[in-house]
Amino acid sequence: MNPSDPTHTIIQTQDGRLSIPARPFIPYIPGDGIGPEIWAAARSVMDQAVARAYGGERAIQWLQVQAGEAAFSQCGEWLPSTTLEAFKTYRIGIKGPLTTPVGGGIRSLNVALRKDLDLYVCLRPVRYFEGIIAPVREPQKVDITLFRENTEDLYAGIEFAANSPESAQFLELFSAHFPQMAARLRFTDDLGLSLKPVSRAGSERLVRAAMQYAVAHHKPFVTLVHKGNIMKFTEGAFRSWGYDLVEREFSDCAFTSRQSEALRRSAGEEAAAQAEQEARAAGKIIVNDVITDAAFQKVLLNPEAFSVIATTNLNGDYLSDALAAQIGGIGIAPGANINYNTGMAVFEATHGTAPGMAGKNLANPSSLILSGEMMLRYMGWTQAADILINALAAVIKTGRVTADLALDRSDAHPLGTHEFGQAVCAAMS
């Protein structure tokens, strides 16, 4: 697998920054179900964008690795160690959707990749493309980038099945050491249990990444979304640690709602309002927080009040898909899993495997195409990324779209998966 001259083919990290060779090896997982079809379309689009941008001076050398159903059928493993090693070696990769059973069976492969590679940020930018029929009146107001913590919370996988020996042992220890808390359990028979870890270190690195993104992209707001009014020592701690981090590391470029509230208490409403006004005038990022259920309402009613959201794992899972629905669905929502400290990143389609559509040339490859655009931009190949996203937007605007995006659109010209990829390639200039 290793090329003979790794300095010219493997992405390196130098002084905390990625060093991208002209022809890097990038591992990919086609995915299950519709995965191979959307991957073929996305790959052709990425290759064409790179060729258009750099005229042959740069190119991606694709390296297929296995996970999911294909891996299990070939070697009896859902996530082979060789696949993890490939992502570790080459640092940047991309994947189609992978099968995850509900209620039992294998652990989520997506979660396994994120945890095993410590990809602590799930990055989900959500924006509207003209021509897509969306369920809200003004989808163009949605331009929100969500930073979801990727390794903790209820996704940590610390669970005990009902009536298992482990569950019984945990309940015994819990009752012995924390009897008052154990008394809150309404039922103890047939009881499944899951633990929710949220740490200062995990919270701070997530908020730090969100703030660095906001600074680099000149975003006006960073919003901490949490359920701290109920889960005070996990979600509430996430909020407090987030504010601590911002006020400690970004005091020169940010002003927090917690600072505003402290001013309100000490100097009055007028002083607090004036301080925030001065911060806005100086171009500082306004950092506030919103309780999760209120956030779901506000992103519908007032999406322009959000630009960057930082939140815990489960909240981010729900909220990212809900935001995508506002601009037409997760079929056009990209995603990435990133460790900004090591530079390691895996880009992915955000939707499921849709096995009923597999092999029918019907699936929409836009999510994976847009994830490829994110990957190119992360690599610093911004010219190729710009060419790709402009071509995709132009094709969608003309109505040459896959069947899911053609619904309720009178000027639509439905295309198959392959044909849609060809149309995007043809639109590049």
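Above this text sits the structure in question.
One structure accompanies this document, and this report is about it. A quick note: this is a predicted structure, and the numbers were derived from the prediction, not measured.

Side note on the overall build of the protein chain
- Helix and strand counts for the protein chain stand at 16 helices and 15 strands.
- Radius of gyration (C-alpha) of the protein chain: 23 Å, near the 22 Å computed for a compact globule of 429 residues.
- Overall, the protein chain is about 60 × 60 × 50 Å in size when its C-alpha atoms are taken along their principal axes.
- Expressed as a percentage of its 429 residues, the buried residues of the protein chain come to 50%.
- Here the analysis covers contacts within the protein chain between residues at least 6 apart in sequence; of these, 73% occur between residues at least 24 apart.
- Summing over all exposed atoms, the protein chain offers an accessible surface of approximately 19700 Å²; the carbon and sulfur share of this is 52%.
- The averaged location of the 45 negative side-chain charges in the protein chain is 3 Å from the averaged location of its 38 positive side-chain charges.

Observations regarding the nonpolar core
- Core analysis: the largest hydrophobic core is formed by 93 residues, its most contacted members being Trp62, Ile94, Phe147, Val207, Met211, Ile309 and Met375.
- Those residues in contact with tryptophan 62 that sit more than four places away from it in its chain are Ile26, Tyr28, Trp39, Arg43, Met46, Asp47, Ile94 and Met375.
- Grouped together as the second largest cluster of nonpolar side chains are 19 residues, Val65, Ala112, Leu119 and Met344 included.

Observations concerning the packing of aromatic side chains
- Enumeration over the complete set of coordinates arrives at 11 aromatic pairs.
- The interplanar angle of 85 degrees and the centroid separation of 5.1 Å between the aromatic rings of tryptophan 39 and tryptophan 62 together place this pair among those described as edge-to-face. Pair noted here: tryptophan 39 is in helix α1 (residues 35-54) and tryptophan 62 is in strand β4 (residues 61-64), with a separation of 23 residues, a long-range link.
- Judged by relative accessible area, which is 5%, tryptophan 39 ranks as buried.
- Here tryptophan 62 falls in the buried class, since its relative accessible area comes to 12%.
- Among the aromatic residues, those joined into a cluster by ring pairs are Phe160, Phe170, Phe174 and Phe178.
- If you follow arginine 148 out to its NZ or CZ, it ends over the ring of tyrosine 155, 5.0 Å from the centre.

The rules behind each value
Residues numbered from 1 in each chain as written. Predicted model: local features only at pLDDT ≥ 70, side-chain atom pairs only at ≥ 80, totals over all residues. Heavy atoms only, no water. Helix = DSSP H or I, 4+ residues; strand = E, 2+ residues; numbered from the N terminus. Rg over C-alpha atoms; globule rule 2.2 N^0.38 Å. Buried < 20%, exposed > 50% of the residue type's maximum accessible area, 1.4 Å probe, protein only. Contact = heavy atoms within 4.5 Å. Areas by Shrake-Rupley, 256 points an atom, 1.4 Å probe, with all protein chains shown as cover. Lys, Arg positive; Asp, Glu negative; His and termini not counted. Charge placed at Lys NZ, Arg CZ, Asp CG, Glu CD. Core = buried A, V, L, I, M, F, W, Y, C linked by side-chain atoms within 4.5 Å. Phe/Tyr/Trp six-rings, centres within 6.5 Å; stacked < 30°, edge-to-face > 60°. Lys NZ or Arg CZ within 6 Å of the ring centre and 35° of its normal.

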